[in-house]
Amino acid sequence: KDMADARSGGGTVPNDLEALWLPFTPNRQFKREPRMISRAKDMHFYTPEGRAILDATAGLWCSNAGHCREPIVRAIQEQAAELDFSPSFQFAHPKGFEVASRIAQLAPGDLDHVFFANSGSEAADTALKIALAYQRSRGEGTRVRLIGRERGYHGTGFGGISVGGMPNNRKFFGPLLAGADHLPHTHLPENRFTRGEPEHGAHLADRLEDLVALHDASTIAAVIVEPFAGSTGVLPPPKGYLKRLREICDKHGIVLIFDEVITGFGRMGTAFGAEYWGVQPDIMTFAKGVTSGTVPMGGVVVRKHIYEAFQTGADHAIDLFHGYTYTAHPLACAAALASLDVYRDEGLFERAGQMAKVLEDAIHTLKGHPLVADIRNCGLAAAVDIVPQPGSPGLRGFESMKRGYFDHDIMLRITADTIAVSPPFIVTEDQIGQSVEAIRAILTSLD
Ligand code: PLP
């Protein structure tokens, strides 16, 4: 590389694939066979050559309103010209309050106070930190233990991976947060091929009682779960499970956190999973769909008593020592307001609820394929477990994603040998059918 060029910020190699280290990607393989996306509109991505790729995953479960929607694009453009940044500590701008009010209105019960971050990972860490600080502020400072769940995903911060339950996301990174423990996951073999929530498994919530017996309630600050586990392959909660968790948390003074990064903003057909399941957590995280994936934004919503527990110090004293330079960034706020308008004006949450049934019917037609080990669905999301290739776990999943892009013009999401689909809410019945037929063809093409 030319040093003068490098110093001046210029580059002699304008598109050096080696310069970018891609996350959660086999980089050597990708750079041999790049899967590029250069443009998007509504339900499609486009390759640099102009090939349309059906977005069966709403990007990464985030582009809920579809891509490059005109009102959202315009709002971001106008905001960039009006206020590009405003400090988020000690100062604020009006749209931050407006977005917070809109989210508080959508959130059930007295989940009334919103703290902004920039991603789901930051949202998860923010929720865990607020839970710890809340316990301390109410005189329960021995409650320092955080409980997550096997197969849970709460992003990639140290807090999130400590309570998360995906072994590869944890094992490389040292001892993690002291005292974190885990509930068992809810994927029971007897529930294979269940449509929606399984009847069996609510008793798994009672394992929280075992953790309380083991550690004592006085050491436990919070429990965090995704209402349905998304990243490990759409694991719906067994019927009654979330209610049971709520009861046990109440009994023992434990803060219940729902990580609604995927379930928030419509995927269950309601604004949040909490509303869908009729269970109110104490803290709820969100990200992704809040801006329909357009500008990074995440955050948490907390119940009134939690917010108020922090409002007790001297008038000039900071109430929570936490935050980010880009908290409530003006571009993210503009994008969020425009996204919430689109969701409301087009009835997109309701549409997601209707399409959920279409997806359920379509995806379960894959049952009986020799390579299909299980099928699950929850809201407008579904997953298919592929029988792993003996000796090469993950290979068939990886091949499925690759063949989707190169041979079937579809974007699929994989975790090991599980294919997930979670389309934007503007998806049509035909496009759901097309997605399932693409998966069928891909499975049939696998070795
Ligand atoms: N929490 C949940 C439930 C998620 O599904 C995700 C991302 O998929 C995250 C947190 C992390 O979000 P981000 O990638 O924006 O940090």
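Residues numbered from 1 in each chain as written. Predicted model: local features only at pLDDT ≥ 70, side-chain atom pairs only at ≥ 80, totals over all residues.

**Concerning the site of the ligand**
Lining the immediate surroundings of the ligand are 15 residues, of which Ser119, Gly120, Ser121, Gly155 and Val261 lie closest. Per element, the largest residue contribution to the shell around the ligand is three residues, and it comes from helix 6 (residues 120–137). For the shell around the ligand, the per-class residue count stands at five nonpolar, eight polar and two charged. (Near = placed C-beta within 6 Å. Helix = DSSP H or I, 4+ residues; strand = E, 2+ residues; numbered from the N terminus. Nonpolar A, V, L, I, M, F, W, Y, C, P; charged D, E, K, R; others polar.)

**Notes on the environment of Glu360**
By secondary structure assignment, the location of Glu360 is in helix 14 (residues 348–363). Among residues more than four places away in sequence, those in contact with Glu360 are Arg195, Gly196 and Asn377. (Contact = placed C-beta atoms within 7 Å.)

**Comments concerning the domain arrangement of the chain**
Domain annotation for the chain reports domain 1 (21–68 + 347–445) and domain 2 (72–345). Each of domain 1 and domain 2 has a C-alpha centre, and the two are 25 Å apart. Across the boundary between the two partners, domain 1 contributes 32 residues, which contact 31 residues of domain 2. Listing elements by their share of the side of domain 1 that touches domain 2, those giving two or more residues are helix 3 (58–61), helix 14, strand 11 (372–377), strand 12 (382–386) and strand 15 (418–421). A per-element tally of the side of domain 1 that touches domain 2 places helix 14 first, with seven residues. (Domains from an automatic or database assignment.)

**Here's the deal with the nonpolar core**
In this structure, Ala131 and Val223 are the most contacted members of the largest nonpolar core, which totals 123 residues. For this core, the element with the highest residue contribution is helix 13 (residues 330–345), accounting for 10 residues. Here this core spans two domains, since at least three of its residues come from each of domain 1 (21–68 + 347–445) and domain 2 (72–345). Look past the residues within four positions of Ala131 in its chain and what remains in contact with it is Ala221, Ala222, Val255, Ile257 and Ile283. (Core = buried A, V, L, I, M, F, W, Y, C linked by C-beta atoms within 7 Å. Buried ≥ 20, exposed ≤ 12 C-beta atoms within 10 Å, placed from the backbone.)

**A short note on the pairing of strand 15**
Every second residue of strand 15 is oriented toward a common face, with Thr418 and Ala420 on one face and Ile419 and Val421 on the other, all of them buried. Strand direction decides the pairing type here: strand 12 and strand 15, joined by four bridges, are antiparallel. Bridge assignment links Val384 to a residue of strand 15, and that residue is Ile419. Two strands pair when backbone bridges link them, and strand 14 (residues 413–415) and strand 15 are joined in this way by three bridges, in the antiparallel orientation. Counted as the bridge partner of Ile414 is Ile419 from strand 15. As consecutive antiparallel partners, strand 14 and strand 15 are separated by two residues, and within that stretch Ala416 has a phi angle of approximately 50°, a positive value. (Pairing = 2+ DSSP bridges.)

**Focus on the sheet that holds strand 2 (residues 44–46)**
Spatially, four strands are ordered 1-2-3-13 in an open sheet, and the strand pairing comes out mixed. Two strands lie at the open edges of the sheet, namely strand 1 (39–41) and strand 13 (410–411), each paired on one side alone. By the bridge criterion, three bridges tie strand 1 to strand 2 in an arrangement that is antiparallel. Of the residues in strand 2, the one forming a bridge with Ala40 is Phe45.

**Overview of the packing of helix 5 (residues 94–106) against helix 13**
Running from N to C, helix 5 and helix 13 point in directions that differ by 40°, and their axes come no closer than 9 Å. With respect to each other, helix 5 and helix 13 are oriented oblique. Between helix 5 and helix 13 the crossing geometry is left-handed. Contacts from Lys95, Gly96, Glu98, Val99 and Arg102 in helix 5 reach Pro330, Cys333, Ala334, Ala336, Leu337 and Leu340 in helix 13. Split by residue class, the contact of helix 5 with helix 13 holds seven nonpolar, one polar and three charged. (Axes fitted to C-alpha atoms, helices over the stretch in contact; angles between N-to-C directions. Parallel < 35°, antiparallel > 145°, perpendicular 65-115°, else oblique. Left-handed = near helix turned anticlockwise from the far one by under 90°.)

**Overview of the pairing of strand 11**
Note that strand 11 and strand 12 share five bridges and pair antiparallel. Residue pairing across strands places Arg376 opposite Ala383, the latter belonging to strand 12. The loop that links strand 11 with its antiparallel partner strand 12 comprises four residues; one of these, Gly379, has a positive phi angle of about 55°.

**Description of helix 13**
Look at helix 13: 22 Å from first C-alpha to last across 16 residues, which is about the 22 Å you get at 1.5 Å a residue. Burial of helix 13 is extensive: 12 of the 16 residues sit out of reach of the surface. Those residues of helix 13 lying buried are Pro330, Leu331, Ala332, Cys333, Ala334, Ala335, Ala336, Ala338, Ser339, Leu340, Val342 and Tyr343. Buried positions along helix 13 lie against helix 4 (70–82), helix 5 and helix 14. In the stretch just after helix 13, Gly347 is the one whose phi turns positive, near 60°. (Expected span 1.5 Å × (residues − 1).)

**Description of the sheet that holds strand 10 (residues 298–303)**
On the basis of which strands lie adjacent, the open sheet formed by seven strands has the order 4-10-9-8-7-5-6 and mixed pairing. Only two strands of the sheet have a single partner each, and these edge strands are strand 4 (111–117) and strand 6 (181–183). Ignoring which end each strand starts from, the neighbouring axes of this sheet average 25° apart. Two elements, strand 9 (residues 283–286) and strand 10, share four bridges in a ladder whose sense is antiparallel.

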